[in-house]
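Below, each chain spelled out in residue letters.
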Amino acid sequence: MPPFSLTRTVPLPPDEAWRRLTEWPRHTGAVPLTRVRVLTPPPTHVGTRLVARSGVGRFAVDDVMEVTLWRPPSGGAGGRCRLEKRGRVVLGWAEIEVRPGPGGGSRVVWREELRVGFLPRFFDGALARASRLLFDRATDRLLARP
């Protein structure tokens, strides 16, 4: 599936938008049928590993990720995080970027390339539409709740 991105401008300061998006267990409440667990001790850093298990019962898949870039917002500069998907089924990467926005708020850009190992390319369009919808809603939920 080709990479996609979504952008939000929110009235949160960059450090708060960053916290809401990168506090990994919070994604459990924002992504339907998904539970996120951090596998390494806090705080998040390059090398942090996490797994998002999505689905129900035997029909669940693990999205194993590793943080490969961790640069939180600091001193007026924006922040950027990159996660590489290291699982057997879910592959690709995700990037979260938070920059200062208008009026003390933030501009958030979420980029993602997602591949499901066993799905033929024929399903790329449907996967792209479903992923975009899912990440649109999850991003809105994460940014809306403290």
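Here, every reference points to the structure presented above.
Residues numbered from 1 in each chain as written. Predicted model: local features only at pLDDT ≥ 70, side-chain atom pairs only at ≥ 80, totals over all residues. Heavy atoms only, no water.

## Topic: the pairing of strand β3 (residues 49–56)
Rules: Two strands qualify as a pair provided that DSSP identifies no fewer than 2 bridges between them. Secondary structure elements follow DSSP: runs of H or I of four or more residues count as helices, runs of E of two or more count as strands, with numbering from the N terminus.
Relative to β3, strand β2 (residues 34–38) runs antiparallel, the two sharing five bridges. The residue of β3 that forms the bridge with Arg35 is Arg53. Between β3 and strand β4 (residues 59–71), which pair antiparallel and follow one another directly, the connecting turn spans two residues, one of which, Gly57, has a positive phi of 55°.

## A closer look at the sheet that holds β3
Filter applied, for reference: For helices, the axis comes from a line fit to the C-alpha atoms of the stretch in contact; other axes are also lines fit to C-alpha atoms, and the angle between any two N-to-C directions lies between 0 and 180 degrees.
With respect to topology, seven strands assemble into an open sheet ordered β1-β7-β6-β5-β4-β3-β2, the strand pairing being antiparallel. Bordering the open sheet on either side are β1 (4–10) and β2, each of which pairs with just one other strand. Within the sheet, the average angular offset between the axes of one strand and its neighbour, ignoring direction, is 20°. When strand β5 (residues 79–86) meets strand β6 (residues 90–100), the two strands line up antiparallel, connected through eight bridges. Bridge pairing links Lys85 to Gly92 in β6.

## Structural notes on the packing of aromatic side chains
Definition in use: The rule is short: rings of Phe, Tyr and Trp, with Trp giving its six-membered ring, pair when the centres are within 6.5 Å, and they are stacked under 30 degrees, edge-to-face over 60, tilted in between. Note on exposure labels: buried denotes an accessible area under 20% of the residue type's maximum, exposed denotes more than 50%, and partly exposed covers the range between, all computed with a 1.4 Å probe on protein chains only.
If you walk through the whole model with that rule in mind, you get three aromatic pairs. Ring plane angle 55° and centroid distance 5.0 Å describe the contact between Trp18 and Trp70, whose orientation is recorded as tilted. In this pair, Trp18 is assigned in helix α1 (residues 14–22) and Trp70 in strand β4, connecting sequence segments 52 residues apart. Classification of Trp70 by relative accessible area gives partly exposed; the value is 22%. Ring geometry for Trp110 against Phe135: centres 5.5 Å apart, planes inclined by 40°, an arrangement best described as tilted. Placement of Trp110 in strand β7 (residues 106–116) and of Phe135 in helix α3 (residues 124–144) is noted, with a sequence separation of 25 residues between them.

## Digging into the pattern of salt bridges
Worth spelling out the cut-off: Put simply, a salt bridge is a Lys or Arg side-chain nitrogen that is within 4 Å of an Asp or Glu carboxyl oxygen.
As enumerated under the stated definition, the model contains 17 salt bridges in all. A salt bridge links Arg99 to Glu97; the nearest nitrogen and oxygen atoms lie 3.1 Å apart. Judged by its relative accessible area of 31%, Arg99 falls in the partly exposed class. What makes Glu97 buried here is its relative accessible area of 15%. For Glu113, the salt bridge goes to Arg115, with nearest N and O atoms at 2.6 Å.

## Side note on α3
Going by this rule: Any helix carries an expected span of 1.5 Å times its number of residues minus one. Contacts were defined at the residue level, with two residues in contact if any of their heavy atoms lie within 4.5 Å.
In a regular helix each residue adds 1.5 Å, so 21 residues correspond to 30 Å; α3 covers 30 Å between its end C-alpha atoms and thus fits that length. Buried residues in α3 make contact with β1, α1, α2 (27–30) and β7.

## Section: the nonpolar core
Spelled out, the test is: Here, the term nonpolar core denotes a set of buried Ala, Val, Leu, Ile, Met, Phe, Trp, Tyr and Cys residues that are joined through side-chain atoms within 4.5 Å.
If you look at the biggest cluster of nonpolar residues, it comprises 26 residues, and the most contacted ones within it are Leu21, Trp24 and Leu83. Those elements that place two or more of their residues in this core are β1, α1, β3, β4, β5, β6, β7 and α3. Element by element, the count of residues in this core is highest for α3, at four residues. If we ignore the near neighbours within four places in the chain, the residues touching Leu21 are His27, Ile96, Val98, Val108, Trp110, Thr139, Leu142 and Leu143.

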